[in-house]
Structures are given as structure tokens and as C-alpha cells.
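Below, each chain spelled out in residue letters.
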Amino acid sequence: MSRPTGATLTLSALRHNLRVVRQAAPNSHVWSVVKANAYGHGIARVWQSLAETDGFALLNMEEALLLREQGWKKPILLLEGFFHADELALIDRYRLTTSVHSNWQIKALATATLSAPVDIYLKINSGMNRLGFRPEQAHAAWEKLRALPNVGEITLMAHFADADNADGVTEPMQRIAQAAEGLTCPRSLANSAATLWHPQTHGDWVRPGIILYGASPSGNWQDIASTGLQPVMTLSSEIIGIQQLSPGDGVGYGYRYRASSAQRIGIVACGYADGYPRHAPTGTPVCVEGVRTRTLGAISMDMMMIDLEPCPQAGIGSRVELWGDQIKIDEVAQAAGTVGYELMCALAPRVPVTVI
Ligand SMILES: *Cc1c(COP(=O)(O)O)cnc(C)c1O
């Protein structure tokens with residue numbers, strides 16, 4: 001048929017991973033995070049497999065409206081809140097929950113005309129210094145919001161900068177406790193790392209993202225090996241050419257790899273224009289018909305070269321897994337100096353996606 005490169009999404013893995021989250025945080029509600037088009041998987045493709053969730057958390061109005069149009073009636077959380085006051089009309093109409101991280105948003109809520117109060121996530125800066133009110137400002141922000149007829153339930157929200165480290169939530173939890181002093185309201189604090197590794201953060205709603213897609217929040221897949229999480233996305237292609245190298249032969253742009261002895265290599269129809277990281281060095285793992293081997297030389301736009309020494313049976317048409325069950329996306333990301341999050345999100349639009 002056409003070019004053999006493609007991504008496959010295993011929907012049963014999503015359902016399974018949500019159950020892993022439920023087991024990890026049995027007393028909390030779950031916001032399944034589907035921002036960035038469900039971490040590159042496509043919200044429209046995956047949301048129904050996560051329909052057991054209590055709510056979907058995402059970033060922009062387009063994603064929220066897509067879910068409402070496709071029939072999702074339960075809660076939707078806008079993680080960064082509204083970007084302009086005029087979005088409050090849609091938040092009201094589609095019954096969205098919005099985070100509030102700045103005073104201008106409180107003022108906008110005060111003057112908006114809404115049909116019914118909207119639920120608010122009051123965002124506290126727990127030390128990351130990204131979005132949110134400082135702990136000492138939290139009480140005043142809460143008082144202002146509580147006084148507004150446009151505001152329904154208020155939940156305290158914070159995000160962790162370092163929850164993949166053993167003591168990475170200690171200080172942030174102290175700041176959150178300071179912010180919450182004297183306030184009786186629900187809490188939502190935990191991302192994937194905190195959901196897995198810091199049960200004291202779970203609170204009323206956890207907000208896992210990356211683990212739903214079966215990759216590690218720490219960037220190291222061994223950290224999630226014992227959790228039973230399953231990769232959702234497989235990127236695969238085929239060998240479309242073979243070269244027989246002599247000692248000293250160079251491979252690819254810049255001859256970044258040179259053969260030290262006679263060597264058989266395969267040319268795979270996948271490159272950085274498909275979302276494979278160009279920074280992946282020689283030695284990045286790939287899997288050919290079940291046998292692990294490695295990339296050789298620079299990744300091209302549309303192709304890469306791989307070592308066929310460990311798999312002499314491989315030839316034109318052999319299937320190559322770039323990431324998935326056998327090669328964890330975290331392994332590829334680590335080799336390329338990035339994280340699984342970035343690789344998932346960067347899956348290129350030209351790659352056809354099959355859902356199974
Ligand atoms: C992205 C995001 C999450 C999910 O993070 P993971 O590390 O993917 O679990 C949770 N909360 C907020 C505010 C986020 O922006």
C-alpha cells in the first residue's frame with residue numbers, strides 16, 4: 001500500500017492504566033489529563049476509553065468544546081483557567097470548571113453575567129513559581145472568590161515541580177498547608193508522580209496525565225515497571241532498504257557512524273518528520289521482529305539506519321518498532337535527552353494512526 005510508518009493506539013491499555021490510577025489513589029476522584037490533544041494521542045480517539053474517569057482536565061476551550069460536542073456530560077477542568085474574560089460566557093454555557101490563578105481573573109468573575117455559579121480551582125503557587133497565588137495571598141483570594149455570587153464550589157489546587165523525587169513534595173506540602181490554613185475546601189494537588197509515589201498528596205481529586213498513556217513521570221521507565229502500566233502508543237515502520245558496509249564505511253548525514261568491520265544495516269522508513277527525535281544518538285534502541293537492536297548515525301527527516309547484526313534474519317519488509325511495548329518510549333526519550341511526554345506530543349500529523 002503506502003508508506004509503512006504508523007502509530008497504533010491500544011485503547012485497552014488506557015482503560016487498564018486508569019484502573020492502575022484508581023488502585024493507587026482509591027479514595028480520590030480522578031481528573032484524567034487530556035491536554036495537548038491527549039498527549040498527542042488525539043482526544044477524539046481516546047476519551048471514550050477513559051469514560052470511567054470522574055472528569056477530564058485540559059487546557060483550551062477548543063478541547064473542552066470538543067468533549068461536550070462528543071457527549072461528555074461530566075466535569076471538565078481548564079487547568080490554566082480562562083485566558084480572556086470573554087471566555088467566561090463559554091465556561092458558563094458549557095458548565096466548565098476553571099482554575100483561577102491571578103487577581104484579574106477574580107475581577108473578571110466579579111463583573112461577568114452568568115446563568116449559574118461556576119466551580120473554581122483556586123491555584124496556589126507551591127514553589128514552582130509558574131502559575132498561582134503565593135501561600136500568604138491564598139486566604140485573601142479565597143475570601144474574594146467566596147463573596148462572589150458567580151462562584152460555586154472552590155477547590156484548592158496546586159502543582160508539584162519535583163514529585164518524581166523522594167522528598168520532592170515535602171516543602172510544597174508545607175506551603176500548601178500554609179495556604180489552606182483555616183479554609184475548609186476540597187483539594188487537588190497530585191500529578192502522575194505524586195499519584196504514584198506520594199499518597200499523602202492525593203486529597204479529593206488527583207490529576208494524572210502521563211501514566212494514563214503508560215509512560216514514566218520520571219523519564220525512567222524502570223520507575224514504573226512494577227506498576228503494571230501499559231504503553232498506549234506504538235510507533236512502527238518497516239525496513240525498506242539494506243546496505244552491506246565494509247570496514248570504514250560511513251552512515252548517514254555527517255557520517256556520524258562508521259563501520260569498524262563488515263556490517264549489514266537496515267534502512268527504516270521513519271525519521272524526525274514523523275516525530276522521532278533527531279537527537280537520538282547511535283545506539284538508541286529499536287526492535288526488529290522482536291529482536292532488540294540499535295540506530296546507527298544521524299536520524300534523517302524520513303529515514304533512519306539500524307544495525308542488523310543481532311537480527312540476520314531481518315530483511316526488506318521486516319517490521320520495526322520504534323517505541324511501544326518492546327521499546328519503551330522513555331528509553332528512546334532518555335537516549336535523545338528528553339522525556340516521553342515530548343515524544344508523544346510531537347507525533348507528526350503525517351503519521352497515520354490506527355486504533356485497536
Ligand atoms: C499536565 C498537568 C498535570 C498532569 O501531569 P503529569 O505529569 O502528566 O501527570 C497535572 N496538573 C497540571 C496543572 C498540569 O498542567
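Residues numbered from 1 in each chain as written. Predicted model: local features only at pLDDT ≥ 70, side-chain atom pairs only at ≥ 80, totals over all residues. Heavy atoms only, no water.

Looking at an unreviewed UniProt entry, one finds the protein chain named Alanine racemase and attributed to Pantoea eucrina. Per UniProt, the protein chain carries the Pathway (unreviewed entry) text "Amino-acid biosynthesis; D-alanine biosynthesis; D-alanine from L-alanine: step 1/1." Quoted verbatim from the Function (unreviewed entry) heading of the UniProt record, the comment on the protein chain is "Catalyzes the interconversion of L-alanine and D-alanine. May also act on other amino acids." (UniProt positions renumbered as here; feature names shortened; annotations may be inferred.)

Caption draft 1: Inspection of the packing of helix 7 (residues 135-146) against helix 8 (residues 170-180) at higher detail. Close contact between helix 7 and helix 8 brings their axes to 7 Å; oriented N to C, the two are set at 30°. The crossing of helix 7 and helix 8 is right-handed. Every residue of helix 8 that contacts helix 7 at Pro135, Glu136 and Ala138 is listed here: Arg175, Gln178 and Ala179. The residue inventory of the contact of helix 7 with helix 8, partitioned by class, reads 3 nonpolar, 1 polar and 2 charged. (Axes fitted to C-alpha atoms, helices over the stretch in contact; angles between N-to-C directions. Helix = DSSP H or I, 4+ residues; strand = E, 2+ residues; numbered from the N terminus. Left-handed = near helix turned anticlockwise from the far one by under 90°. Contact = heavy atoms within 4.5 Å. Nonpolar A, V, L, I, M, F, W, Y, C, P; charged D, E, K, R; others polar.)

Caption draft 2: Spatial organisation of a negative patch on the surface. A contiguous patch of negative charge, built from Asp162, Asp164, Asp167 and Asp223, is present on the exposed surface. Mapping Asp167 onto the fold places it in the loop between strand 7 (151-158) and helix 8. (Patch = residues over 30% accessible without salt bridge, like charges linked within 9 Å, V, L, I, M, F, W, Y side chains within 5 Å. Areas by Shrake-Rupley, 256 points an atom, 1.4 Å probe, with all protein chains shown as cover. Salt bridge = Lys/Arg side-chain N within 4 Å of Asp/Glu carboxyl O. Lys, Arg positive; Asp, Glu negative; His and termini not counted. Charge placed at Lys NZ, Arg CZ, Asp CG, Glu CD.)

Caption draft 3: Representation of the UniProt feature "binding site: substrate" (unreviewed entry) in the protein chain. As annotated by UniProt and renumbered to match this structure, "binding site: substrate" (unreviewed entry) occupies Arg130 and Met301. Of the residues just listed, which span 172 residues, the most distant C-alpha pair is 34.5 Å apart, and they do not cluster in one region. From the list above, the largest cavity is lined by Arg130. Mapping Arg130 onto the fold places it in the loop between strand 6 (118-124) and helix 7. (1 Å grid on protein atoms, 1.4 Å probe; cavity = no way out; pocket = protein on both sides within 12 Å on 5 of 7 lines; lining within 4 Å.)

Caption draft 4: Region of the structure containing helix 7. Compared with the 16 Å implied by 1.5 Å per residue over 12 residues, the 17 Å span of helix 7 between its first and last C-alpha is a close match. Within helix 7, burial applies to Pro135, Ala138, Ala141, Trp142 and Leu145. Here the buried residues of helix 7 occupy an arc of 105° about the axis, which is enough to place them on one side. (Expected span 1.5 Å × (residues − 1). Buried < 20%, exposed > 50% of the residue type's maximum accessible area, 1.4 Å probe, protein only. Arc of directions from axis to C-beta.)

Caption draft 5: Structural detail: the site of the ligand. If you check the shell around the ligand, you find 14 residues, and the closest are Lys35, Tyr39, Ser192, Ile210 and Tyr341. One nitrogen or oxygen atom from the side chain of Lys35 is found 2.7 Å from an oxygen atom belonging to the ligand. Between Tyr39 and the ligand, the recorded distance is 2.5 Å, taken from a side-chain N or O atom to an oxygen atom. Protein contact buries 93% of the 380 Å² of open area that the ligand shows by itself. Placement of the ligand is best described as lying within the largest pocket. Among the residues making up the shell around the ligand, the classes are represented as 7 nonpolar, 4 polar and 3 charged. (Near = heavy atom within 4 Å. Polar contact = N/O pair within 3.5 Å; in protein donor to acceptor, adjacent residues only side chain to side chain. Sits in = over half its atoms within 2 Å of the grid points.)

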